Amino acid sequence: MTAQRQETKGWRRTIALIGLVLNLILWAGGARPVGAATTERIVVNRFTGLAIGGIDPVAYFTDARAVPGEPEFELAQGGVIWRFRNADNRAYFSADPDIYSPQFGGYDPVDVARGVAFAGNPQFWLIFESRLYLFGHEQSRTAFAAAPAKFLPEALQRWPQIRETLAD
């Protein structure tokens with residue numbers, strides 16, 4: 001093998017190794033919402049300590065969209081910090097957190113039905129029968145919306161067992 005071919009072969013190995021490392025990083029990081037903890041009973045951003053990424057849970061009901069909460073309208077409830085866009089939303093949540101909190105602690109109900117705790121993404125959500133559900137993927141939301149009766153009974157049955165494996 002000539003010196004030129006040996007040099008070219010060495011670069012190819014280096015480029016292939018870099019590509020492999022980048023693919024592993026992208027693959028490992030792409031499946032989960034950024035910074036979401038999957039060991040807590042309520043989905044919390046592990047860097048900020050905010051429930052559902054700091055999104056106002058009441059705004060899903062009042063504005064029909066994900067609205068970031070403001071630091072001046074925070075509430076400690078259920079061991080986590082919730083943020084709201086205004087004082088009224090904070091008061092509504094405080095009066096009835098079971099209504100406004102995401103079901104299954106913010107974990108994807110499709111995955112909960114499979115027996116897995118997978119953190120929901122606040123951007124993939126659905127209100128069904130006056131309850132908020134967060135989903136890990138858009139495909140999960142689509143599947144759930146098409147047949148909630150297929151997923152909810154199984155998720156409700158499995159949630160207590162999954163919940164016990166999660167930290168308070």
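Look a little higher up for the structure.
Let me sum up the structure you'll find in this document. (Residues numbered from 1 in each chain as written. Predicted model: local features only at pLDDT ≥ 70, side-chain atom pairs only at ≥ 80, totals over all residues. Heavy atoms only, no water.)

**A closer look at the nonpolar core**
Grouped together as the largest cluster of nonpolar side chains are 18 residues, with contacts concentrated most on Ile52, Tyr60, Val80, Trp82, Phe84, Phe93 and Leu134. Counting residues per element, the ones that place at least two in this core are strand S1 (70-77), strand S2 (80-84) and strand S4 (131-135). Those residues in contact with tryptophan 82, other than ones at most four positions away along the chain, are Ile42, Ala51, Ile52, Pro57, Phe73, Glu74, Leu75, Gln77, Phe93, Ser101 and Pro102. Core analysis: the second largest hydrophobic core is formed by 16 residues, Tyr107, Ala119, Ala155 and Leu166 among them. (Core = buried A, V, L, I, M, F, W, Y, C linked by side-chain atoms within 4.5 Å. Buried < 20%, exposed > 50% of the residue type's maximum accessible area, 1.4 Å probe, protein only. Helix = DSSP H or I, 4+ residues; strand = E, 2+ residues; numbered from the N terminus. Contact = heavy atoms within 4.5 Å.)

**Focus on the pattern of salt bridges**
The tally for this structure, following the rule as stated, stands at 6 salt bridges. With a shortest N-O distance of 3.7 Å, glutamate 164 and arginine 41 are connected by a salt bridge. Of this pair, glutamate 164 sits in helix H7 (residues 148-165) while arginine 41 sits in the loop between helix H1 (3-30) and helix H2 (59-62), and the two are 123 residues apart along the sequence. The exposure class of glutamate 164 is exposed, given its relative accessible area of 56%. Residue class for arginine 41 comes out buried when judged on its relative accessible area of 16%. In this structure, the salt-bridge partner of aspartate 63 is arginine 85, at a minimum N-O distance of 3.1 Å. (Salt bridge = Lys/Arg side-chain N within 4 Å of Asp/Glu carboxyl O.)

**Looking at the packing of aromatic side chains**
Within the structure shown, the criterion is met by 11 aromatic pairs. Between tyrosine 60 and tryptophan 125, the ring centres sit 4.9 Å apart and the planes meet at 55 degrees, which makes this aromatic pair tilted. With tyrosine 60 in helix H2 and tryptophan 125 in strand S3 (residues 121-128), this pair connects stretches of sequence that are 65 residues apart. Per residue, the accessibility class of tyrosine 60 equals that of tryptophan 125, and both read buried. (Phe/Tyr/Trp six-rings, centres within 6.5 Å; stacked < 30°, edge-to-face > 60°.)

**What about the pairing of S2?**
The side chains of a regular strand alternate between both faces of the sheet. Alternating positions in S2 separate cleanly, Val80, Trp82 and Phe84 being buried on one face and Ile81 and Arg83 remaining unburied on the opposite face. Alignment of S1 against S2, held across 5 bridges, turns out to be antiparallel. In the sheet register, glutamate 70 faces S2, and the bridge partner there is phenylalanine 84. Where S1 hands over to S2, the hairpin turn is made up of 2 residues, of which glycine 78 adopts a positive phi near 65 degrees. (Pairing = 2+ DSSP bridges.)

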